[in-house]
Amino acid sequence: MSDIEVNDLPDVQLAGPVITVDGPSGAGKGTLCQMLAAKLSWALLDSGALYRVTALAAKQHAVAMDNEAGLEAIAAHLDVQFQVSDKEAGVQVILEGENVTSSLRTEETGAIASQVAAINSVRSALLERQRGFQQSAGLIADGRDMGTVVFPSAELKVYLTASAEERGQRRYKQLLGSGNNANLPQIIEDIRARDDRDMNRSIAPLKPAEDAIIIDSTSMSIESVFDQVLQAAVKAGLLSE
Ligand code: DC
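Residues numbered from 1 in each chain as written. Predicted model: local features only at pLDDT ≥ 70, side-chain atom pairs only at ≥ 80, totals over all residues. Heavy atoms only, no water.

**Overview of the overall build of the protein**
Here is step 1 of the chain: Counting its regular elements, the protein contains 10 helices and 9 strands.
Here is step 2 of the chain: Radius of gyration (C-alpha) of the protein: 17 Å, near the 18 Å computed for a compact globule of 241 residues.
Here is step 3 of the chain: Taken over the C-alpha atoms alone, the protein extends approximately 50 × 45 × 40 Å along its principal axes.
Here is step 4 of the chain: Considering only intrachain contacts with a sequence separation of at least 6, the fraction spanning at least 24 residues in the protein is 75%.
Here is step 5 of the chain: Put simply, the protein shows about 11900 Å² of open surface, and 49% of that area lies on carbon and sulfur atoms.
Here is step 6 of the chain: Charge centroids of the protein, computed over 21 positive and 33 negative side chains, lie 4 Å from each other. (Helix = DSSP H or I, 4+ residues; strand = E, 2+ residues; numbered from the N terminus. Rg over C-alpha atoms; globule rule 2.2 N^0.38 Å. Contact = heavy atoms within 4.5 Å. Areas by Shrake-Rupley, 256 points an atom, 1.4 Å probe, with all protein chains shown as cover. Lys, Arg positive; Asp, Glu negative; His and termini not counted. Charge placed at Lys NZ, Arg CZ, Asp CG, Glu CD.)

Next comes the structure, spelled out in C-alpha cells:
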C-alpha cells in the first residue's frame, strides 16, 4: 500500500519532468491523466480533488462560503490522505480519518469546490501542497491552472476541452450507467455555470497556457487524445518512440 501525504513538504531535489493537463470539467482530463501516468509510470496529481476535499471539510466543519479566513484555515490544515491500496477500487480519499471517496465526485461537492476555488487565500494555501507532488520520475498534473500557475515551467502543457453539450452527454451517460437519475438539460446548464465561474474568476482563471497544445476532444475518442499527447511527449523528449 502506498499513501501520499499531502502534508509532505516538497523536495526540490526530487523535482522531475511535469506534464500539465488543464481544461474544463468533463473534457476527459481525469481519464487521460490516468492513462498517461500508467504509461509513463509517473505520479499523478488530481488537483481538483484537493479543492473538493477542501469543500467537504468546510461543509463538515460548517464553515460558510463567505468566511474567507475560515476557508483558508481549512485549506491550510487539510488532514487528507490519498491511498492506493487496491488498483480495482482506485484511489481512496481519507479526510480526517474518514473515507470520503464516494462523496468527493458528486455534483454538489463539485459546485462547492468551484466556489471555494475562487478564493485567493484558499488557492495560495494549496499551492505548495500541489508542488509537493513532484517526483523525480515525473508528474502528470490535472487541473485548471497547472500550466499557468502551479507548474509554469512544465515540459509539456496540454489544454483539453470539448463543447458543453458533449461534456454534458458524457456526464449524463456516466450517471445513467451507474444507476442514477439524470436530467441532461440540467447537467449542461450546471456545466455552463461551472465553466463560467472557473473561467471568469479573477485569480488563476481557467485558460490555456500560452505554450499549451490545445486539443478539442468533442468528436475524438479518448484513445486518439492519448495518442496525440504521447506524440507531443515524444517530440518534447519525454518519451522515446
Ligand atoms: O476537476 P474537478 O471537477 O474535480 O474540480 C473541482 C473544482 O475545483 C472545479 O470547479 C474548479 C476547481 N479547480 C480549480 O480551480 N483549480 C484546479 N487546479 C483544479 C480544480
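Next comes the rest of the account.
**Focus: the packing of aromatic side chains**
Here is step 1 of the chain: According to the stated counting rule, one finds 1 aromatic pair in the structure shown.
Here is step 2 of the chain: Summarising the aromatic geometry, the rings of Phe 82 and Phe 133 are spaced 6.4 Å apart at their centres and angled 70° between planes, so their arrangement reads as edge-to-face. Of this pair, Phe 82 sits in strand S4 (residues 80–84) while Phe 133 sits in the loop between helix H6 (120–131) and strand S7 (139–143), placing them 51 residues apart in sequence.
Here is step 3 of the chain: Since its relative accessible area comes to 10%, Phe 82 is described here as buried. (Phe/Tyr/Trp six-rings, centres within 6.5 Å; stacked < 30°, edge-to-face > 60°. Buried < 20%, exposed > 50% of the residue type's maximum accessible area, 1.4 Å probe, protein only.)

**Regarding the pairing of strand S5 (residues 92–95)**
Consecutive side chains of a regular strand alternate in pointing toward one face of the sheet and then the other.
Here is step 1 of the chain: The alternating pattern of S5 places Gln 92 and Ile 94 and Val 93 and Leu 95 on opposite faces, both of which are buried.
Here is step 2 of the chain: As paired elements, S4 and S5 share 4 bridges and run antiparallel to each other. The residue of S5 that forms the bridge with Val 80 is Leu 95.
Here is step 3 of the chain: In the sheet, S5 pairs with strand S6 (residues 98–99) via 2 bridges, with the strands oriented antiparallel. Residue pairing across strands places Ile 94 opposite Asn 99, the latter belonging to S6.
Here is step 4 of the chain: Taken together, S5 and the strand that follows it, S6, pair antiparallel across an intervening segment of 2 residues, in which Glu 96 is found at a positive phi of about 50°. (Pairing = 2+ DSSP bridges.)

**Regarding helix H5 (residues 107–116)**
Here is step 1 of the chain: Of all the positions in H5, only Thr 109, Gly 110, Ile 112, Ala 113, Ser 114 and Val 116 are classed as buried.
Here is step 2 of the chain: Where the residues of H5 are buried, they touch helix H2 (47–60), helix H3 (68–76), helix H4 (101–104), H6 and helix H9 (184–200).

**With respect to the pairing of strand S2 (residues 18–22)**
Here is step 1 of the chain: Here S2 lies mainly inside the structure; 5 of its 5 residues are buried.
Here is step 2 of the chain: Of the two faces of S2, both are covered, the one formed by Val 18, Thr 20 and Asp 22 as well as the one formed by Ile 19 and Val 21.
Here is step 3 of the chain: Looking at chain direction, S2 and S7 are connected through 5 bridges and run parallel. Opposite Val 21, over in S7, you have Asp 142 as the bridge partner.
Here is step 4 of the chain: Sheet analysis places S2 next to strand S8 (residues 156–161), joined by 4 bridges and oriented parallel.

**Considering the packing of H3 against H6**
Here is step 1 of the chain: Viewed as axis vectors pointing N to C, H3 and H6 meet at an angle of 10°, and their least axial separation amounts to 8 Å. One finds that H3 runs roughly parallel with respect to H6. Within the contact between the two elements, H3 uses Glu 68, Leu 71, Glu 72, Ala 75 and Ala 76 and H6 uses Ser 121, Val 122, Ala 125, Leu 126 and Arg 129.
Here is step 2 of the chain: Within the contact of H3 with H6, the residues separate by chemical class into 6 nonpolar, 1 polar and 3 charged. (Axes fitted to C-alpha atoms, helices over the stretch in contact; angles between N-to-C directions. Parallel < 35°, antiparallel > 145°, perpendicular 65-115°, else oblique. Nonpolar A, V, L, I, M, F, W, Y, C, P; charged D, E, K, R; others polar.)

**So, the side chain of Ser 47**
Here is step 1 of the chain: Following the sequence through the fold, Ser 47 ends up in helix H2.
Here is step 2 of the chain: By relative accessible area, which is 2% here, Ser 47 ends up buried.
Here is step 3 of the chain: Only 2.6 Å separates the side chain of Ser 47 from the backbone oxygen of Asp 142, close enough to count as a polar contact.
Here is step 4 of the chain: Apart from residues lying up to four places away in sequence, Ser 47 is in contact with Gln 130, Asp 142, Gly 143 and Met 146. (Polar contact = N/O pair within 3.5 Å; in protein donor to acceptor, adjacent residues only side chain to side chain.)

**Things to note about the sheet that holds S2**
Hydrogen bonds along the backbone pair up the strands of a sheet, which may run parallel or antiparallel.
Here is step 1 of the chain: With parallel pairing, the 5 strands of this open sheet are ordered in space as S3-S7-S2-S8-S9. For this open sheet the edge positions go to strand S3 (43–46) and strand S9 (213–216), each flanked by a neighbour on one side alone. Shown here is a sheet whose adjacent strand axes are inclined to one another by a mean of 20°, direction ignored.
Here is step 2 of the chain: Contacting S3 and S7, H2 crosses the sheet at an angle of about 45° to S3.

**Remarks on the environment of Gly 179**
Here is step 1 of the chain: By the element assignment, Gly 179 lies in the loop between helix H8 (164–177) and H9.
Here is step 2 of the chain: For the pair Gly 179 and Asp 216, spaced 37 residues apart in sequence, the C-alpha separation works out to 29 Å.

**As for the pattern of salt bridges**
Here is step 1 of the chain: Summed over the entire model, instances satisfying the criterion amount to 11 salt bridges.
Here is step 2 of the chain: Among the ionic pairs, Asp 195 bridges to Arg 167, the shortest N-O distance being 2.6 Å. Placement of the pair is Asp 195 in helix H9 and Arg 167 in helix H8, with a sequence separation of 28 residues.
Here is step 3 of the chain: Connected through shared salt-bridge partners, Arg 144, Asp 198 and Arg 201 make up one network. (Salt bridge = Lys/Arg side-chain N within 4 Å of Asp/Glu carboxyl O.)

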